[in-house]
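Structural characterization, general
Listed here are the chains, written in short residue letters.
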Amino acid sequence: MKIRNAKKIFSLFLCVLLCTSFMFAAKKNAKEKAVPMPNWVTEPAKEYPSSNYFAQVGYDSDRASAEVKACSLIASIFSMDVKSNTKASSRMLQAEKDGLVSTGKVSSISQDVTRQVDAENLIGVEIKGAWFSPKENLWYCIAVLDKPKATEIYKQIITQNNEHVEELLSTDFDDEYSFEHFACVDFASEIAAMNEKHLSRLRIINTGAADALKDDCASAKELNMQALEIAKQIPIAVIVNGDIDGRIRAAFSGVITKAGFRASVSSAERYVLTVNAGFTPSETTDGKNIRCQYSLTGSLMDNGLDEELLPVSIQGRGSDVDFARAQNKALTNIEKKDVGTKFAKEFDGYLRSITVE
């Protein structure tokens, strides 16, 4: 009996000893992990002098948010929106994938940051330090742009893009007034506009380097005007079967002319948009109104290549006390919503997706 009690006492003593050891070790590790406040938290310019760097410190209760704030402060130096709603066209994304252009959206910055701050505003930017203040329960992060390094990156991006603009403009076409030629010059204008943004950022970092590259950069405005001049010479026939008072054809023609092209009625044109319109009456469930169901189907064709360029598929309805009034509402929907907005967006998307090999 005494032996058993002795064993119990010994086991209890051992447990207390182990617990004490663990607590001591934990305190020791906590002290070892405690990091003193870096100098850059309060005086970033001392560690990263303004002659060679842009440095900004952000702080928040979590590290990701602190990084976002630090990078947002860097982005604001360029006097541009922190996050732009403008999306690169499909042709731009493909050209970047093929290594023909550089959008500048390359960065060591995390996705948590680039979801809120454009990567284009963070070229050459790095998170150089992160520190947690236990007393304040805050994370401090410093974002740094190395000016000489960023200058070289911008110079490479702008030069590469300029070279592709020159390649696009030197492309020969059998048909000078074709979608391909228009898209080629229009894409060159898009690249030039992107380069102008890069150049304005570079000017803030290194004015001399920006001035040296300026004359090599094509004017986006001039190229856009050149593209529009080509578009004016490209007729697109618009033929609508089942039209009512010419309203549907007028709506499609309006989209085409607004995009800069010439609307035609001749089916002999190379580009022909053919649409079949159908209207069907039906009663509403309460029997008080009449519906006008409508359907527009067709396509934009390239008769020179015998190729469908853009399908058209639109359905909808209008309702009122009689069919004539319901049909009028349906036509209004077609003009404003279906053609004026939806088709216009699809047509623009098609034009911006044309690639020239």
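One can find the structure itself at the top, above this paragraph.
Residues numbered from 1 in each chain as written. Predicted model: local features only at pLDDT ≥ 70, side-chain atom pairs only at ≥ 80, totals over all residues. Heavy atoms only, no water.

**Here we look at the environment of Lys 342**
As a reminder, the rule being used: For the purposes of this entry, the term helix denotes a DSSP run of H or I that reaches at least four residues, the term strand denotes a run of E that reaches at least two, and both are numbered from the N terminus. In this analysis, two residues are considered to be in contact whenever any of their non-hydrogen atoms come within 4.5 Å of each other.
Along the chain, the position of Lys 342 falls in helix H11 (residues 323–351). Separated by 28 residues in the primary sequence, Lys 342 and Ile 314 have C-alpha atoms spaced 9.1 Å apart. If sequence neighbours within four positions are ignored, Lys 342 has contacts with Ser 313 and Lys 337.

**A word on helix H8 (residues 207–214)**
Note that an α-helix has 3.6 residues per turn; residues three or four places apart therefore point the same way. Rule in force here: Three labels apply to residues, based on accessible area from a 1.4 Å probe with only protein chains included: buried if under 20% of the type maximum, exposed if over 50%, partly exposed otherwise in between. Throughout, the arc means the angular range of directions from the helix axis out to the C-beta atoms. Contacts described as polar in this section are N or O atom pairs within 3.5 Å, which, within protein, must combine one atom able to donate a hydrogen with one able to accept it, while residues neighboring in sequence count only if both atoms come from side chains.
Residues Ala 209, Ala 210 and Leu 213 constitute the buried set of H8. End-on, the buried residues of H8 take up no more than an arc of 100°, which puts them together on one face. Tucked into the core, H8 has its buried residues touching helix H6 (147–169) and helix H7 (179–205). At the N-terminal end of H8, a side-chain oxygen is found 3.3 Å from the backbone nitrogen of Gly 208, two or three residues along, and the residue is Asn 206.

**Remarks on the pattern of salt bridges**
Worth spelling out the cut-off: Here, a salt bridge means any Lys or Arg side-chain nitrogen found within 4 Å of an Asp or Glu carboxyl oxygen.
For the structure on display, the rule yields 19 salt bridges. We note a salt bridge from Arg 247 to Glu 335, for which the minimum N-O separation is 2.9 Å. One end of the pair, Arg 247, is in helix H10 (residues 247–258); the other, Glu 335, is in helix H11, with 88 residues separating them in the sequence. Judged by relative accessible area, which is 26%, Glu 335 ranks as partly exposed. Measuring nitrogen to oxygen at the nearest pair gives 3.4 Å for the salt bridge that ties Arg 352 to Asp 348. Taking the relative accessible area as the measure of exposure, Asp 348 reaches 35% and is therefore partly exposed.

**Some words on helix H9 (residues 220–232)**
Here is the rule we go by: Helix span, as expected, comes to 1.5 Å for every residue beyond the first.
Over its 13 residues, H9 extends 18 Å from the first C-alpha to the last, a length consistent with the 18 Å expected when each residue adds 1.5 Å. Taken together, the buried positions of H9 are occupied by Ala 220, Leu 223, Ala 227, Ile 230 and Ala 231. Each buried residue of H9 sits inside an arc of 100° when the element is viewed along its axis, so together they form one side. For H9, exposure combined with an orientation more than 90 degrees from the buried face picks out Lys 221 and Glu 222. Contacts made by the buried residues of H9 are with H6, H7 and strand E5 (262–264).

**Things to note about a negative patch on the surface**
Convention followed: For patch building, the residue pool is restricted to those with more than 30% relative accessible area and no salt bridge; the joining distance is 9 Å between like charges and 5 Å between nonpolar side chains (Val, Leu, Ile, Met, Phe, Trp, Tyr). Where accessible areas are quoted, they stem from the Shrake-Rupley method and a 1.4 Å probe; at the residue level, only the protein chains shown are allowed to cover. The charged-residue count follows a simple rule in which Lys and Arg add positive charge and Asp and Glu add negative charge, with His and chain termini not counted at all. Every charge is mapped to an atom, namely NZ of Lys, CZ of Arg, CG of Asp or CD of Glu.
Negative charge collects at one region of the surface, where Glu 163, Glu 166, Glu 167, Asp 215 and Asp 216 lie side by side. With respect to the helices and strands, the residue Asp 216 is situated in the loop between H8 and H9.

**Focus on the pairing of strand E7 (residues 290–302)**
Rules: At least two bridges found by DSSP between two strands is the condition for calling them paired.
Note that strand E6 (residues 271–283) and E7 share 13 bridges and pair antiparallel. Note on E7: the bridge partner recorded for Phe 279 is Tyr 294. Joining the antiparallel neighbours E6 and E7 is a turn of 6 residues, in which Gly 287 adopts a positive phi near 75°. Two elements, E7 and strand E8 (residues 307–320), share 13 bridges in a ladder whose sense is antiparallel. If you follow Met 301 over to E8, its bridge partner there is Glu 308. Hairpin connection between E7 and E8: a loop of 4 residues separates the two successive antiparallel strands, and Asp 306 in this loop has a positive phi of roughly 50°.

**Quick word on the nonpolar core**
Selection criterion: Only buried Ala, Val, Leu, Ile, Met, Phe, Trp, Tyr and Cys residues count toward a nonpolar core, and they belong to the same one when joined by side-chain atoms within 4.5 Å.
Phe 179, Phe 252 and Phe 261 are the most contacted members of the largest nonpolar core, which has 41 residues in total. Taken together, the elements giving at least two residues each to this core come down to H7, H9, strand E4 (235–241), H10, E6, E7, E8 and H11. Residue contributions to this core peak at 9 residues, all from H11. Apart from the residues within four sequence positions on either side, Phe 252 is in contact with Val 238, Val 240, Leu 273, Val 275, Leu 296, Val 312, Ile 314, Val 339 and Phe 343. In this structure, Leu 145, Ala 150, Leu 199 and Ile 205 belong to the second largest nonpolar core, which totals 26 residues.

**Considerations on the packing of H7 against H9**
What counts, and what does not: Fitting a line to C-alpha atoms yields each axis, with helices limited to the stretch in contact; the angle taken between N-to-C directions then spans 0 to 180 degrees. Geometric relationships in this document are graded by angle, where less than 35 degrees denotes roughly parallel, more than 145 denotes roughly antiparallel, 65 to 115 denotes roughly perpendicular, and other angles denote oblique. By definition, any crossing whose near helix is turned counterclockwise from its far helix by less than a right angle is left-handed, and any crossing with a clockwise turn is right-handed. Throughout this entry, Asp, Glu, Lys and Arg are counted as charged residues, while Ala, Val, Leu, Ile, Met, Phe, Trp, Tyr, Cys and Pro are counted as nonpolar. The remaining residues, Gly among them, count as polar.
Look at H7 against H9: their axes get within 8 Å of each other, and the N-to-C directions meet at 165°. Judged by the inter-axis angle, H7 sits roughly antiparallel to H9. Classified by chirality, the crossing of H9 by H7 is left-handed. For the pair H7 and H9, the contacting residues are His 181, Phe 182, Val 185, Asp 186, Ala 188, Ser 189, Ala 192, Ala 193 and Glu 196 in the first and Ala 220, Leu 223, Asn 224, Gln 226, Ala 227, Ile 230 and Ala 231 in the second. Looking at the contact of H7 with H9 residue by residue, the class counts come to 10 nonpolar, 4 polar and 2 charged.

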